[in-house]
Structure formats: structure tokens, C-alpha cells
Amino acid sequence: MKIATWNVNSIRARMERLCAWLAAQAPDVLCLQETKVEDNVFPALELESLGYHAAAYGQKTYNGVAVLARQPFDDIVRGFGDGIEDAQARFLVVRVGKLRVGSLYVPNGQAVGTDKFRYKLAWLERWRAWLATHADVSQPLVFCGDINVAPEDRDVHDPEAWRDQVMCHPDERAALAEVRRWGLVDVFRQLNPDASQYTWWDYRQLSFPKNRGLRIDHILCTQGMAAGCRSVVIDRDARKGQAPSDHAPVVAEFADL
DNA sequence: ATGGTTGCTTAGCAA
């Protein structure tokens, strides 16, 4: 089974690229982030014609996540359901057969010390709490998405320039480590222990041709599932050419799923 | 040089 994640930075602006990519890569499951559309205008019919079921959790202008899959879903969860008032559409979990799949768009945090950064840290803790109360570590479960945290310095093109900045700050790295401590494996790092490869490059200052990027899009799964992971590839080609997203897709292959 | 690019919405925000 091929499971992928891609922050498309507006599904409407990226529809042509998305359809071409689905046809070329043929993932079984694709998690999308920053769709930026409300659910009633999500382009489900067009995706259906390519052979994908879609579950969406979106809003106008900002945020928005979705899962596409060859198989139909059941058990769709939108938001943490933790009683906290939150209009931001960033958390969607579905069941595809025996597998649970989450598509996540972790808050960016804007700058360390701001309200948005505090919201990011609180959001990561809410994710951890959701796992503790709603998930089973012994079952196949995968969370894919734009996590907006580069876990280690080797995930950063220039660690000194990024030291203590948003996406690299020790507090958010610690918060992500707490989430993972529940029992999630970063399968890219598991299979590529020495790689410095990135998934996001700023649109500005020729960041992509200079490869000034960060690895902030992740595929995190339970250990039993991670044991069946055969490869994880960052599709850098999808960041090239006219009108790309600022993120590249990440694609993982799993045996026995 | 406190910039720079993109998307949504239409001037300013978010990333």
C-alpha cells in the first residue's frame, strides 16, 4: 500500500497538478493539507472520476485538510472533539479498512513568543491527548501531514540560521517528541537515517533551486505498521516547474496492508 | 536592505 502526504497550498490553485500527480503516482491513500476550501465546494466529483473517495474538513481561505483513498471510508473524525472552541480545520481522521489515517495541518506558529506560537504548542498537546484517549498503539494507525516542525538539525538546511526559530525551536521539538513518545515512528527517518532532505522551501529568494529547505512534512505511524514500511521518498520533482506548491509530497510504501 | 513570493480576497493576512 502506498500512502502519501502533500500540502498543496490551495487545492483549487493546484487541481491540475494534483490530478496529474495522482495519475502518475497512483497512491492508495493521499493526505492533503492547506486545501483552503469549505467542504461543500471541495472538488470531490473530479477526484472521484480519478478513482478516489474523498473526506474533507475545510474552511474558507485558511487551513483545511482532506484524505483521498481508493477504498471507501468509515468512521470519519473532524477536529479533536475535546470541548475546546476552535474554528481552525486542521485535524481529520478516517478509517480505511483496518487502517486509521489522519491528515494533519499543525499550526505554523508564525514567530516564537507570539500567541500563535502558544496556540501551536497547545495544539500539539491536544494531538497527544487525542492519541492517549482515542487511539490504540497496537493497531495500524498513520498520521500524515504538514507538522510544521523540523525534528532535528539534520532536517534543516542551515541549522545555525534557524536556531531557536519557529519550526526549529526546542519547545516545539519537545512537544512533537511527546506526541511521538505515545508510539509513533517517523518512517522517513527510520529508513533514511543519514539523509538531509527537505519537504518545504520558501517561495522567496530562490530557496528551492538553492535547496534551502526544511523537513516539516512527516509520515508517523505505529510501530507494528512501521515494521512493514519498505520505502519513504520525498517527491522533489513535484516542487519543480510552473505554479508549484511550496511543499513536496512524501510517499511511503508499506507491505502487508 | 527588516526585504523576498504566493494564495485568498480584493488590502491585508497568513505562510
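Helices and strands together make up the secondary structure of chain A, namely seven helices and 14 strands. Taken over the C-alpha atoms alone, chain A extends approximately 45 × 45 × 35 Å along its principal axes. Sorting the 257 residues of chain A into buried and exposed places 53% on the buried side. Nonlocal contacts in chain A, meaning residues at least 24 apart in sequence, comprise 69% of its contacts between residues at least 6 apart. Of the roughly 11,300 Å² of accessible surface on chain A, a fraction of 49% belongs to carbon and sulfur atoms. When the 31 basic and 34 acidic side-chain charges of chain A are each reduced to a single mean position, those positions are 2 Å apart.

Where the model shows low pLDDT, its predicted coordinates should not be examined in detail. Averaged over every residue, the pLDDT of chain A is 98; the share at 70 or more is 100%. Per-element mean pLDDT across chain A ranges from 96 in strand β5 (residues 74–78) up to 99 in strand β1 (residues 2–7).

Sheet strands associate in pairs through backbone hydrogen bonding, adopting either a parallel or an antiparallel arrangement. The six strands are arranged β3-β4-β2-β1-β14-β13 in an open sheet whose pairing can be described as mixed. Two strands in the sheet have a free side with no partner beyond their single neighbour: β3 (53–57) and β13 (229–234). Averaged over all neighbouring strand pairs, the angle between strand axes comes to 15°, with direction disregarded. Bridging between β1 and strand β2 (residues 29–33) involves five bridges; their strand directions are parallel.

Turning our eyes to something else, we now look at the sheet that holds strand β12 (residues 217–222). The sheet built from six strands is open, its strands ordered β5-β6-β7-β8-β12-β9 with mixed pairing. Edge strands, defined here as strands with exactly one partner in the open sheet, are β5 and β9 (184–186). Pairwise comparison of adjacent strand axes, ignoring direction, gives a mean angle of 20° for this sheet. In this structure, strand β6 (residues 91–96) lies alongside strand β7 (residues 99–105), joined through six bridges in antiparallel fashion. Directly across from F91, in β7, lies its bridge partner L104. Sheet strands in contact with helix α3 (residues 115–134) are β5, β6, β7, β8 (141–146), β9 and β12, and its direction is about 170° off that of β7. Packed onto the sheet, helix α5 (residues 170–181) meets β9 and β12 and runs at close to 125° relative to β9.

In this model, α3 (20 residues) spans 28 Å end to end at C-alpha, consistent with the 28 Å of a helix rising 1.5 Å per residue. By the burial criterion, the buried members of α3 are F117, K120, W123, L124, R126, W127, W130 and L131.

Another point: unusual backbone geometry. Unusually for a residue other than glycine, N9 sits at a positive phi of about 50°. Phi at D75 takes a positive value of approximately 60°, unusual for a residue other than glycine. As for its placement among the helices and strands, D75 is situated in strand β5. Residue D75 is classed as partly exposed on the basis of its relative accessible area, which comes to 37%.

Looking now at the packing of α3 against α5. For the pair α3 and α5, interaxial distance at closest approach is 9 Å and the crossing angle is 10°. Taken as axis vectors, α3 and α5 run roughly parallel relative to one another. In this structure, α3 uses F117, K120, L121, L124, W127, R128 and L131 to contact α5, whose residues at the interface are D171, E172, A175, L176, E178 and V179. Tallied by class, the residues present in the contact of α3 with α5 amount to eight nonpolar, no polar and five charged.

Time to look at the packing of aromatic side chains. For the structure shown, the criterion picks out ten aromatic pairs. A ring pair is formed by W6 and W21, whose centres lie 5.3 Å apart and whose planes are at 50°; its orientation type is tilted. Placement of the pair is W6 in strand β1 and W21 in helix α1 (residues 15–25), with a sequence separation of 15 residues. Its relative accessible area of 7% is what places W21 among the buried residues. Ring geometry for W127 and F143: centres 5.5 Å apart, planes at 65°, overall edge-to-face.

Quick notes on the rules
- Residues numbered from 1 in each chain as written.
- Chains lettered and ligands numbered in written order.
- Predicted model: local features only at pLDDT ≥ 70, side-chain atom pairs only at ≥ 80, totals over all residues.
- Heavy atoms only, no water.
- Helix = DSSP H or I, 4+ residues; strand = E, 2+ residues; numbered from the N terminus.
- Buried < 20%, exposed > 50% of the residue type's maximum accessible area, 1.4 Å probe, protein only.
- Contact = heavy atoms within 4.5 Å.
- Areas by Shrake-Rupley, 256 points an atom, 1.4 Å probe, with all protein chains shown as cover.
- Lys, Arg positive; Asp, Glu negative; His and termini not counted.
- Charge placed at Lys NZ, Arg CZ, Asp CG, Glu CD.
- pLDDT = per-residue confidence, 0-100.
- Pairing = 2+ DSSP bridges.
- Axes fitted to C-alpha atoms, helices over the stretch in contact; angles between N-to-C directions.
- Expected span 1.5 Å × (residues − 1).
- Parallel < 35°, antiparallel > 145°, perpendicular 65-115°, else oblique.
- Nonpolar A, V, L, I, M, F, W, Y, C, P; charged D, E, K, R; others polar.
- Phe/Tyr/Trp six-rings, centres within 6.5 Å; stacked < 30°, edge-to-face > 60°.

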